[in-house]
Amino acid sequence: MGQVIPPGSSENGDASNSQGKPAEKNSWAAELWDWVKTIAIAFCIMVLLNMFVFNLSMVKGESMQPTLEASERLFINKLVYRFADPNHGDVIVLKDPSTGPDRKEFLVKRVVGLPGDTVEVKGHILYVNGEAQEEPYTDVPIEDPDFGPVTLEEGRYFVMGDNRHLRKSKDSREFGSVKESDIVGRAEFILWPLSKIKGL
């Protein structure tokens, strides 16, 4: 008596294979979709962190020498000034308030004057509220002409570059005091190159 094969089945098992292929394709597509969702979520989180929490910035120019060198990468804390005000000595990133052909999008400078302070340069020395400032982050006395005095209004900050050689830093002596709203964040440390990693 011959073998009876039920309708819809095959003798060599082709039917079971044809059922398995769509399942494999569905599994592969589901896994791919999970990866796409994961990458999209991670990207959105990184964008939000970059906008509101931190940023990585590259130093351009020589206005912050000897503290910072061109091409060094900085870790910028964009959240810190939501809970505290800038302080004397903070290294900050700010929107360039100047005008003209040499205007840049952002600058890196050091805060030397807070709201209410009187800032001046006389005898090539920085004075804040009549007191000469010790500035261990500089390597020469201020070579530019004396400046001020100026008294800072509420919400305004006086910034200078650490490079005190003649005409090496465009700062508040040129473009005036900086609005608090123009301050992007505080530079916390040098991130790159690895040999230069240090806190600021």
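Before any of the text, the structure's been laid out above.
Quick caveat: nothing in here was measured; it's all calculated off a predicted structure. (Residues numbered from 1 in each chain as written. Predicted model: local features only at pLDDT ≥ 70, side-chain atom pairs only at ≥ 80, totals over all residues. Heavy atoms only, no water.)

Chemist: Would you explain the side chain of Arg110 in this entry?
Modeler: Here Arg110 shows up in strand S4 (residues 106-113). Polar side-chain contacts of Arg110 include one of 2.7 Å to the side chain of Asp162. In this view, Arg110 contacts Met64, Thr67, Gly89, Asp90, Val91, Tyr137, Phe158, Val159, Met160 and Asp162; residues no more than four positions away in its chain are not counted. (Helix = DSSP H or I, 4+ residues; strand = E, 2+ residues; numbered from the N terminus. Polar contact = N/O pair within 3.5 Å; in protein donor to acceptor, adjacent residues only side chain to side chain. Contact = heavy atoms within 4.5 Å.)

Chemist: Quick question: what am I supposed to make of the sheet that holds strand S7 (residues 131-132) here?
Modeler: Note: strands within a sheet are paired through backbone hydrogen bonds, in either parallel or antiparallel orientation. Spatial strand order, S7-S6-S5-S8: four strands in an open sheet with antiparallel pairing. Each edge of the sheet is formed by a strand with only one pairing partner; in this case those strands are S7 and strand S8 (147-151). Looking at chain direction, strand S5 (residues 118-122) and S8 are connected through three bridges and run antiparallel. Bridge pairing in S8 places Val119 opposite Val150. (Pairing = 2+ DSSP bridges.)

Chemist: Would you explain the packing of aromatic side chains in this entry?
Modeler: Within a pair of aromatic rings, the relevant descriptors are the distance that separates the centres and the angle that separates the planes. Scanning all chains against the criterion turns up two aromatic pairs. The interplanar angle of 5 degrees and the centroid separation of 5.1 Å between the aromatic rings of Phe75 and Phe189 together place this pair among those described as stacked. Of the two residues, Phe75 is situated in strand S2 (residues 73-77) and Phe189 in strand S11 (residues 183-192); the sequence distance between them amounts to 114 residues. Accessibility expressed as a relative area gives 22% for Phe75, which makes it partly exposed. With a relative accessible area of 28%, Phe189 lands in the partly exposed category. Ring geometry for Phe147 against Phe158: centres 5.6 Å apart, planes inclined by 50 degrees, an arrangement best described as tilted. Here Phe158 lies in strand S9 (residues 156-160) and Phe147 lies in strand S8, a separation of eleven residues in the sequence. The positively charged end of Arg110 is found above the aromatic ring belonging to Tyr137, 3.7 Å away from the centroid. For Lys122, the ring lying beneath its charged end belongs to Tyr127, and the centroid distance is 4.8 Å. (Phe/Tyr/Trp six-rings, centres within 6.5 Å; stacked < 30°, edge-to-face > 60°. Buried < 20%, exposed > 50% of the residue type's maximum accessible area, 1.4 Å probe, protein only. Lys NZ or Arg CZ within 6 Å of the ring centre and 35° of its normal.)

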